[in-house]
Every structure is written in C-alpha cells, then in structure tokens.
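So the chains spell out like this:
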Protein chains: 2
Amino acid sequence: MSDSANGSHLDPWVEAYASRTIGMRESEIRALFAVASRPEVVSLAGGMPFVEALSGEMMSKVTESVLNKHSNVAFQYGSGQGDPNLRESVLEVMKPTGLTAHPDDIVITAGSQMAINLICMVMINPGDVILVESPSYVGALGVFRMYEADVRHVAMDDDGLNPTALLETIAQVRKEGKKPKLLYTIPSYQNPAGLTQPPARRAELIAIAQRENILIIEDDAYALLGFDGMVNRPMAADEKERVVYCGSFSKIISSGLRTGWAVAPKALKSKLVLANESATLCPSNFTQLIVDEYLRTQDWQAQVALFRDLYQERRDALLSAMDELMPKGISWTVPKGGFYTWLTLPQGVDATAMLPKAVDALVAYVPGTGFFANGLGKENLRLSYCYPTPERIKEGIKRLASVLEAEIG
Amino acid sequence: MSDSANGSHLDPWVEAYASRTIGMRESEIRALFAVASRPEVVSLAGGMPFVEALSGEMMSKVTESVLNKHSNVAFQYGSGQGDPNLRESVLEVMKPTGLTAHPDDIVITAGSQMAINLICMVMINPGDVILVESPSYVGALGVFRMYEADVRHVAMDDDGLNPTALLETIAQVRKEGKKPKLLYTIPSYQNPAGLTQPPARRAELIAIAQRENILIIEDDAYALLGFDGMVNRPMAADEKERVVYCGSFSKIISSGLRTGWAVAPKALKSKLVLANESATLCPSNFTQLIVDEYLRTQDWQAQVALFRDLYQERRDALLSAMDELMPKGISWTVPKGGFYTWLTLPQGVDATAMLPKAVDALVAYVPGTGFFANGLGKENLRLSYCYPTPERIKEGIKRLASVLEAEIG
C-alpha cells in the first residue's frame with residue numbers, strides 16, 4: 001500500500017477526511033489477487049458468476065428490441081424507485097420462492113450491494129449495532145464499516161445462524177446499554193459459509209426479530225441457485241414488516257448489468273427511494289429496460305436452470321476432489337446451492353500467511369479474516385467453484401492440497 | 001405526502017432511522033410534477049436532455065459490437081475504479097477543455113451524482129461546512145443534506161460565484177469557530193442560474209481555495225455544451241491538488257446509461273475507489289463498454305455539436321419569447337450554454353404558490369426554493385429549454401407570461 005493510501009503526510013487532505021474513512025483501506029490481499037488473475041492460476045477466490053453461459057448474441061437482440069421500441073426511455077433519466085415494468089417483472093422472478101409483493105414495494109438499485117448501502121444510509125448512525133453471521137459477506141461488512149456501525153458476529157451451526165447464539169449476543173449488547181438495530185443474514189447458500197437455514201430455523205429467527213424489534217436485512221442473492229431444484233421460502237414471505245429483502249440479477253442474468261432490488265416495508269421503501277435519488281438520481285433505464293425485456297421475451301427460467309446445473313456440477317467436482325485429495329484435519333461445509341464452501345484448517349495454520357505460497361503453487365482462495373469484522377477467521381478460507389471448469393477445479397484442489405500438506409507437515 | 005413518509009406513528013421504524021434521514025422528505029412539488037408530465041403541459045421544469053437526438057439504431061449497433069467482442073467482460077463484475085479503456089477515452093472527451101490527466105486519476109461512477117455522493121462519503125462529517133453558489137444544484141444539495149453538512153450559500157454576480165462574497169462567508173464561518181471544507185461550484189452554465197465564470201474569475205476562486213485550503217468540487221456536467229463553440233478551461237486544468245473534477249456523459253450521450261467520472265488528486269482518488277466499491281462494488285461494465293465503444297467508433301464530436309446547436313436554438317427561442325412576452329419587472333439570466341435560465345420575479349410574487357396556477361395554464365417550471373438550503377428563492381424560478389421544441393417553448397412562455405401578468409396585476 002502506498003503512503004498516500006495510508007493517509008500519511010504525503011496526502012494534503014489527510015486531516016480533512018470524514019471519520020468514516022478511518023477504517024477505509026485497500027485490502028492487503030488486493031495486490032496478490034492481481035497476480036492471481038493470471039490464466040495459469042486456478043482461482044477459487046472470486047465470486048464471479050460464469051457469465052460465459054449467457055449468450056451475447058441473444059442479449060444483442062434484446063438490446064436491439066429495447067432500442068427499437070423505447071430508445072427515448074432507455075436513454076433518459078428514470079424514476080428513483082426504478083422502472084415500473086421491471087418492478088412488475090421482479091415479482092415474476094420472486095414467484096418461485098413464494099415471496100409475493102406489490103410493484104410499489106420494490107426499489108430497483110444498481111446491484112444489491114447498493115441496496116445494502118441505501119438501507120444503512122437510512123438506518124445507521126455511527127455506533128449502531130448490526131448483527132451478522134460469523135463469518136459474513138465481505139461486501140456488506142465494508143458498507144457497515146463505512147457507516148461506522150458496531151458489527152457483532154453471531155455463531156452459525158450446520159443450519160446457519162444459531163438462535164441461541166443470537167439471543168446471547170442480543171443480551172450482551174443490551175447489557176452494554178445498546179440495542180441491536182439490524183440483523184444482516186444470507187439465509188440461503190451463505191457467502192462465505194455455504195450454509196442454508198431450514199424453514200424452522202428461519203421461523204425461530206423471525207420470532208426473535210419480532211420480540212426484539214430488530215429489522216432483518218435478508219440478502220438472497222443466490223435465491224434461485226439451489227441445487228436439485230431446491231428453492232427456499234424467504235423470511236420476507238412470512239414477515240413483511242420486519243424484513244427488507246435484497247434480490248439480485250447478478251447471478252441469474254449478469255453482474256455487469258448492475259441491477260438488483262429491495263422489497264421493503266412501505267415507510268422504509270419511501271426512504272430508500274429518496275436515498276437512491278440522493279446517491280445516484282436513478283438506476284440506469286438502459287440496463288433496466290434490457291433486464292425487463294430479457295425477462296419478458298426470453299426463457300429466463302431455462303437460463304437459471306443452466307447456471308444452476310453448471311454450478312452444481314462444479315460444486316460436485318470440488319467436493320469430490322476435496323474428499324479425495326485433502327489432507328486430514330481439514331473440514332468444509334457442503335453447500336446446497338450458490339457459489340461457496342468454507343474450510344476450517346487445523347489449529348495454527350494461518351490461511352492469510354499461506355496465501356502467497358498457494359499463489360506460487362498457482363491456486364488462489366480468499367483467506368477467512370476478510371469475512372470477519374473482529375479479527376477472527378485466521379484458520380479459515382473460502383473456496384468458490386462458480387467460475388473455473390470442473391477440470392480446473394480438480395487441478396486447483398490438487399495444488400491447494402499439496403500446499404496444505406506442506407503447511408501442516 | 002403520506003403520514004408514513006412524514007415518519008408518523010404509522011411507521012414502526014420511525015424511532016430507528018439514522019439522524020441523516022431527518023431532513024429527508026419527498027419534494028412538495030413532486031405530486032404537481034406528476035400532473036405536469038401530461039403531454040398538454042409545456043414543461044420548462046425538468047433537466048431532461050433531448051435524447052431523441054441520439055440514434056437508437058446506432059446504439060444497437062454499438063452494443064452488438066461490444067457483445068460480439070467482449071460479452072464476457074460486459075456481463076461480468078468490473079473494477080471499482082472503472083474500465084481502463086473507458087478511463088482512457090475520458091481523456092479524449094476532456095481534451096477540448098484543456099484538462100489533461102492520467103487514466104489512473106479517473107474514477108468512473110454511476111453518473112456524476114454518484115461522484116458527488118462518493119466525495120461526501122470520503123470527506124464530510126456531520127456539521128462540516130460546504131460552500132455553494134446561491135442558488136445551487138438541487139441534486140447536490142440533497143447529497144449534502146444526506147451527509148448532514150452545514151451548507152452556506154455564497155452570492156453570485158454576472159460572472160458567477162462572487163469572490164468577495166466568498167471571502168465574507170469564509171470569514172463568517174471562521175468567526176463561528178468552523179472551517180470551510182469544500183466549495184461546490186458549477187463554473188460553466190450553472191444549474192440553475194445559467195451563469196458562467198470567465199477565466200479571471202476562476203483564477204480568483206482557485207487562489208482563495210489555495211489560501212484557505214479548501215477542496216473544490218468542480219461540477220462540469222455541461223462542459224461541452226457551450227454555444228457558438230465556446231469551451232471553458234476547467235479549474236482542474238490549473239489546480240490539480242485542490243480540485244475534484246466531475247464529468248458526465250448524461251448530457252453528451254445519454255443520461256440513461258448512468259455513467260460519469262471524477263478526476264481527483266491521487267490520495268483522494270484511492271479513497272473514492274474504495275467508496276465506490278463500498279457503495280456499488282463497481283460501475284456497470286455493460287454500460288461502460290458501450291460508452292467506450294461509442295466514443296471509439298462513432299463521431300461523438302458531431303453528436304455533441306448536434307446537441308449543442310439544438311440547445312442553442314431552444315435557448316434563442318426562449319430568450320426571444322421572453323423578450324417579447326414577459327411583463328415588466330421580471331429579469332432573467334442569459335445562458336451561454338447548458339440547459340437553464342434563472343428568473344427573478346417582482347417582490348412579493350411567490351413562485352411556489354404560483355406553480356399550481358401555471359400548471360392549470362399548462363406550463364411548468366421549478367420554483368426557486370429547491371435550489372437553496374436556507375429558504376431563499378421564493379421570488380425565483382428556473383426555466384429549462386433543453387427538452388421542448390422551439391415552438392413549444394414559445395407557447396410555454398406565452399402561457400407563463402399570462403400567469404405572471406395575472407399574478408403581478
């Protein structure tokens with residue numbers, strides 16, 4: 001990291017930055033990832049969807065059709081809440097999950113990262129307590145840090161976020177004279193842990209949120225990517241007043257379109273629209289109309305099934321390679337959908353320290369510490385199987401297994 | 001406005017909102033503008049670029065070419081700083097203004113509104129003083145309110161922001177024990193005042209910023225829309241360490257693509273990239289690649305000239321209609337580019353109270369108060385000539401003139 005990025009005397013504005021930038025720094029592993037992006041490295045690090053499975057030709061046709069019919073709308077500023085037609089189409093995309101809503105409950109955002117950002121803009125004062133899973137999504141933790149939230153990690157078990165641990169954390173927070181404001185959770189195929197909350201677990205968590213008056217941010221970016229046709233009923237389907245649901249087209253169409261949405265309780269929705277307008281005036285009409293036209297004219301369910309089967313095949317390749325090749329003492333989660341598995345290494349093995357050796361051996365992963373706001377995760381790492389082919393995944397695991405063997409031995 | 005939008009007891013989260021949402025409310029004139037969008041109303045209100053002058057067919061071809069060559073990049077997540085090729089093309093777009101930079105100095109954002117937002121994210125603590133023109137751009141004032149800044153308006157004269165008034169305001173702020181942190185200015189064809197700072201004025205303002213150690217946000221959204229081929233040298237061309245320059249493709253290509261950029265001093269640039277990642281991970285690769293391909297393969301200068309000539313013709317239609325039809329006692333600015341003129345009504349005529357009558361008479365404008373954070377602007381209004389045809393503009397002014405005559409009489 002350069003001196004100036006650290007905020008040294010070389011930066012003439014170092015005294016002038018907002019307090020929220022104090023924790024803002026480039027990831028230490030960023031430079032390493034630049035190396036890891038070389039083609040000879042098998043990257044099990046990034047969460048890049050395999051967009052190669054989407055047809056460029058088909059999307060050209062969809063764009064042409066939009067511009068034939070509605071170029072004046074596509075090229076113009078739009079509504080801060082998002083295009084009304086796309087908000088209708090979002091209902092169709094949520095239908096398989098059992099989540100119903102009215103188009104007016106929906107706010108379109110420049111990706112669901114933006115939705116998380118807007119929710120914090122509306123809700124979070126510095127020091128406000130946000131409860132998150134342990135580990136949690138690095139992008140959300142970045143937003144929470146930016147809003148100077150007090151982030152508390154809550155333990156997970158095989159069924160995801162643990163209610164007993166949640167109650168303990170809430171009690172601890174209250175003992176400190178504070179009140180938890182938000183619970184951020186990814187109930188399905190959690191990033192990075194790969195775990196999924198069964199229905200009974202979701203009901204327990206909703207009951208706690210109701211009793212404790214906590215707003216849940218339900219991040220459901222992988223909703224339709226459950227393997228073997230599995231679809232989980234979102235919390236938002238059963239509790240509309242205490243859940244903001246965040247959905248994304250990044251994993252079922254294309255992350256490059258930067259289009260996601262939130263379903264929010266009425267009053268909060270109005271504030272999210274104003275926050276959206278303040279942040280960016282409006283989402284892109286151009287990309288919104290393309291997403292809408294795609295959903296209305298193409299077999300999007302078939303495309304989702306294609307992605308899902310592809311990821312399932314890769315998950316299988318990863319798991320069987322790990323079963324075959326991983327040294328003893330390493331455990332991992334078995335994801336039922338999504339992109340990730342979470343590894344726990346033997347005590348004393350530091351995944352961050354090991355990463356340069358792995359990159360030398362031409363394999364990359366994300367060390368666990370990035371998924372914690374509290375310094376934990378040293379003996380963990382995240383593997384993603386979404387992008388490389390099954391053959392490459394197997395090769396990557398072979399390389400990682402030798403690095404681990406050397407490290408353990 | 002509904003009870004819940006006001007934050008009444010009907011909203012279960014009313015106690016939980018962040019303090020920054022206190023000033024967040026729907027514009028009182030929003031409902032009226034819904035009425036004003038009927039086709040029989042001549043709207044001189046919105047700042048919608050006349051995107052009908054951009055060819056949908058040509059943009060289809062540009063998109064097809066992008067997706068033929070780079071669909072895997074266009075569909076994927078990208079860099080938080082923005083696409084490297086587009087950052088190079090931005091240099092070409094700035095070249096006519098005399099502003100030079102390195103591609104690494106540039107951050108691509110989801111519109112220049114987002115750039116203003118990110119600058120505040122990095123710089124503004126609640127209570128920090130931001131100096132703005134009097135009047136100033138309503139969208140920027142919204143961001144400043146969101147970051148709970150202490151906004152101080154500084155008088156303008158015919159050459160834009162007045163340096164004497166600026167020094168007085170700075171002295172007043174210092175007397176209160178505070179320090180101005182940012183100066184937000186639109187030096188060319190200001191929104192809403194339509195005024196332009198000549199070179200000598202810019203030099204004076206830069207000298208003040210240097211002496212007082214104030215960072216300038218130079219919003220240059222209308223840079224290339226100067227009439228008679230006028231191009232102004234940006235402040236950022238002469239002072240790189242104290243100016244963040246915000247540029248936009250909204251007015252020279254399409255606002256629906258939501259693509260703008262900032263040119264920032266090195267250390268600040270690094271922080272803007274991190275803020276961009278936190279807010280939205282990355283700008284849309286899809287729209288960025290389309291903008292880049294358009295700039296590289298199409299005659300974008302001819303398109304800019306087309307827009308410019310079209311807006312000049314409309315400006316002329318507006319001015320000559322006002323000269324002919326406006327009752328005595330009303331004055332207006334004569335814009336040398338951009339979209340807007342600013343009217344001052346006779347004392348006692350309230351532009352906000354008059355708006356419903358204007359809409360009844362089938363003409364719309366924006367009342368002046370929205371362009372002030374301090375309640376001023378009652379006797380002002382903004383007219384924009386960017387969207388309606390010259391004939392419609394003349395008809396609109398005829399209608400507005402009768403409303404004003406009745407109001408004055």
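Residues numbered from 1 in each chain as written. Chains lettered and ligands numbered in written order. Predicted model: local features only at pLDDT ≥ 70, side-chain atom pairs only at ≥ 80, totals over all residues.

Re the overall build of chain A
Thinking step 1. Scanning chain A from terminus to terminus reveals 14 helices and 14 strands.
Thinking step 2. In terms of overall size, chain A behaves like a compact globule, its C-alpha atoms giving a radius of gyration of 21 Å where 409 residues would be expected to give roughly 22 Å.
Thinking step 3. Over its C-alpha atoms, taken along the principal directions, chain A stretches across nearly 65 × 55 × 55 Å.
Thinking step 4. When burial is assessed residue by residue, chain A has 56% of its 409 residues classed as buried. (Helix = DSSP H or I, 4+ residues; strand = E, 2+ residues; numbered from the N terminus. Rg over C-alpha atoms; globule rule 2.2 N^0.38 Å. Buried ≥ 20, exposed ≤ 12 C-beta atoms within 10 Å, placed from the backbone.)

Description of the interface of chain B and chain A
Thinking step 1. Across the boundary between the two partners, chain B contributes 67 residues, which contact 67 residues of chain A.
Thinking step 2. Class assignment of the residues belonging to the side of chain B that touches chain A gives a composition of 31 nonpolar, 26 polar and 10 charged. (Contact = placed C-beta atoms within 7 Å. Nonpolar A, V, L, I, M, F, W, Y, C, P; charged D, E, K, R; others polar.)

Observations regarding the packing of helix H10 (residues 266-280) of chain A against helix H5 (residues 112-123) of chain B
Packed helices, taken two at a time, are described by their axes: the angle between them and the distance between them.
Thinking step 1. Remark: H10 of chain A packs on H5 of chain B, axes separated minimally by 6 Å, with the N-to-C direction vectors making an angle of 95°. By the angle class used here, H10 of chain A and H5 of chain B are roughly perpendicular. For the pair H10 of chain A and H5 of chain B, contact is made by Ser278, Ala279 and Thr280 of chain A and by Gln113, Met114 and Asn117 of chain B, respectively.
Thinking step 2. Its residues placed into classes, the contact of H10 of chain A with H5 of chain B shows two nonpolar, four polar and no charged. (Axes fitted to C-alpha atoms, helices over the stretch in contact; angles between N-to-C directions. Parallel < 35°, antiparallel > 145°, perpendicular 65-115°, else oblique.)

Observations concerning the pairing of strand S3 (residues 129-134) of chain A
Residue and element names in this part refer to chain A.
Thinking step 1. Across the six residues that make up S3, a large majority, six, are buried.
Thinking step 2. As paired elements, S3 and strand S4 (residues 150-157) share six bridges and run parallel to each other. Paired with Glu133 across the bridge in S4 is Val154.
Thinking step 3. In this fold, the crossover linking S3 to S4 by way of helix H6 (residues 138-146) has right-handed handedness.
Thinking step 4. In this structure, S3 lies alongside strand S6 (residues 180-185), joined through four bridges in parallel fashion. Pairing of Val132 across the sheet is with Tyr184, part of S6. (Pairing = 2+ DSSP bridges. Right-handed = clockwise from strand over helix to strand, strands pointing away.)

Section: the pairing of strand S7 (residues 215-219) of chain A
For a regular strand, side-chain orientation follows a simple rule: the groups alternate between the two sheet faces.
Residues and elements named next belong to chain A.
Thinking step 1. Counting buried positions along S7 gives five out of five residues, so the element sits mostly inside the fold.
Thinking step 2. Of the two faces of S7, the one carrying Leu215, Ile217 and Asp219 and the one carrying Ile216 and Glu218 are both buried.
Thinking step 3. With four bridges connecting them, S6 and S7 associate as parallel partners. Bridged to Tyr184 within S7 is Ile217.
Thinking step 4. The β-α-β motif built from S6, the intervening helix H8 (residues 199-212) and the parallel element S7 has right-handed crossover chirality.
Thinking step 5. Taken together, the four bridges between S7 and strand S8 (residues 243-248) define a ladder with parallel strand orientation. Paired with Glu218 across the strands is Tyr245, a residue of S8.

Comments concerning the relation of the copies chain B and chain A
Thinking step 1. Rotating chain B by 180° and translating it 0.0 Å along the rotation axis places it on chain A, where the RMSD comes to 0.0 Å. Here the copies are linked by what is in effect a two-fold axis.
Thinking step 2. Same-surface contact between copies: 100% of interface residues of chain B are shared with the interface of chain A. (Least-squares fit on C-alpha atoms with pLDDT ≥ 70 in both.)

Side note on the environment of Asp292 of chain A
All names here are of chain A.
Thinking step 1. On the secondary structure map, Asp292 appears in helix H11 (residues 285-297).
Thinking step 2. The sequence separation of Asp292 and Val62 amounts to 230 residues, and the corresponding C-alpha distance is 9.5 Å.
Thinking step 3. When near neighbours in sequence (up to four residues on either side) are disregarded, Asp292 contacts Asp83, Asn85, Leu86 and Ser89.

Notes on the domain arrangement of chain A
Residues and elements named next belong to chain A.
Thinking step 1. With domains assigned, chain A is organised as domain 1 (3-54 + 302-408) and domain 2 (56-297).
Thinking step 2. Each partner contributes residues to the interface: domain 1 has 31 residues there, and domain 2 has 32 residues.
Thinking step 3. It is helix H12 (residues 300-325) that provides the largest number of residues to the side of domain 1 that touches domain 2, a total of six residues.
Thinking step 4. Along the lines of polarity and charge, the residues of the side of domain 1 that touches domain 2 split into 13 nonpolar, 13 polar and five charged. (Domains from an automatic or database assignment.)

What about helix H14 (residues 390-408) of chain B?
Structural remark: α-helix, 3.6 residues per turn; residues separated by three or four positions point the same way.
Residue and element names in this part refer to chain B.
Thinking step 1. Across its 19 residues, H14 extends 26 Å between first and last C-alpha, which sits within 8% of the 27 Å expected from 1.5 Å per residue.
Thinking step 2. Of all the residues in H14, the buried ones are Ile393, Gly396, Ile397, Arg399, Leu400 and Leu404. The buried side chains of H14 occupy one side of the element, clustering within an arc of 165° when seen end-on. Opposite the packed face of H14, turned more than 90 degrees from it, sit the exposed residues Glu391 and Ala406.
Thinking step 3. Packed against the buried residues of H14 are strand S1 (42-43), helix H12 (300-325), helix H13 (351-360) and strand S12 (363-364). (Expected span 1.5 Å × (residues − 1). Arc of directions from axis to C-beta.)

Re the sheet that holds strand S3 (residues 129-134) of chain B
All names here are of chain B.
Thinking step 1. One open sheet accounts for eight strands, arranged S2-S9-S8-S7-S6-S3-S4-S5; its pairing is mixed. Across the chains shown, the open sheet's two edge strands, defined by having one partner strand only, are strand S2 (106-109) and strand S5 (160-161).
Thinking step 2. Contacts between helix H10 (residues 266-280) and the sheet are confined to S2, strand S8 (243-248) and strand S9 (260-263), with S2 contributing the most and set at about 25° to the helix.

Remarks on the sheet that holds strand S11 (residues 340-344) of chain A
Residue and element names in this part refer to chain A.
Thinking step 1. One open sheet holds the four strands; their spatial order is S10-S11-S14-S13, and the pairing between them is antiparallel. Single-partner strands in this sheet number two, and they are strand S10 (331-332) and strand S13 (366-367).
Thinking step 2. Strand direction decides the pairing type here: S10 and S11, joined by two bridges, are antiparallel. Counterpart to Trp332 in the pairing with S11 is Leu343.

Comments concerning helix H3 (residues 56-74) of chain B
Thinking step 1. End to end, H3 of chain B covers just 19 Å across 19 residues, shorter than the expected 27 Å (1.5 Å per residue, more than 12% under).
Thinking step 2. For H3 of chain B, the principal kink sits at Asn68 of chain B and spans about 70°.
Thinking step 3. Buried residues of H3 of chain B: Gly56, Met59, Val62, Thr63, Val66, Leu67, Ser71 and Ala74 of chain B, and no others.
Thinking step 4. Summarising the contacts, the buried residues of H3 of chain B are in contact with helix H3 (56-74) of chain A together with helix H11 (285-297) of chain B. (Bend = angle between axes of the 7 residues up to and from the residue.)

So, the environment of Ala45 of chain B
All names here are of chain B.
Thinking step 1. Its place among the elements puts Ala45 in the loop between S1 and H3.
Thinking step 2. For Ala45, a count of 26 C-beta atoms within 10 Å gives the class buried.
Thinking step 3. Distance in space between the C-alpha atoms of Ala45 and Thr352 is 13 Å, their sequence separation being 307 residues.
Thinking step 4. Setting aside its immediate chain neighbours within four residues, Ala45 contacts Phe33, Ala36, Ala364, Tyr365, Val366 and Ser384.

Description of the packing of H3 of chain A against H11 of chain A
Residues and elements named next belong to chain A.
Thinking step 1. The interhelical angle for the contact between H3 and H11, taken along N-to-C directions, is 135°, at an axis separation of 10 Å. As the angle between them shows, H3 and H11 are arranged oblique. Between H3 and H11 lies a crossing whose hand is right-handed. Each of Val62, Thr63, Ser65, Val66, His70, Val73 and Ala74 in H3 lies in contact with H11, whose residues at this interface are Asn285, Phe286, Leu289, Ile290, Glu293, Tyr294 and Thr297.
Thinking step 2. When grouped by side-chain class, the residues that make up the contact of H3 with H11 number eight nonpolar, five polar and one charged. (Left-handed = near helix turned anticlockwise from the far one by under 90°.)

Regarding unusual backbone geometry
Thinking step 1. Following Ser134 of chain A, the chain continues into Pro135 of chain A via a peptide bond in cis, with omega recorded as 10°.
Thinking step 2. Position of Pro135 of chain A relative to the elements: it lies in the loop between S3 and H6.
Thinking step 3. The backbone phi angle of Asn213 of chain A is positive, close to 55°, even though this residue is not glycine.
Thinking step 4. Asn213 of chain A sits in the partly exposed class, given 14 other C-beta atoms within 10 Å.
Thinking step 5. A positive phi angle, near 55°, is found at Tyr189 of chain B, a position not held by glycine.
Thinking step 6. For Tyr189 of chain B, the location among the structural elements is in the loop between strand S6 (180-185) and helix H8 (199-212).
Thinking step 7. For Tyr189 of chain B, a count of 27 C-beta atoms within 10 Å translates into the label buried.

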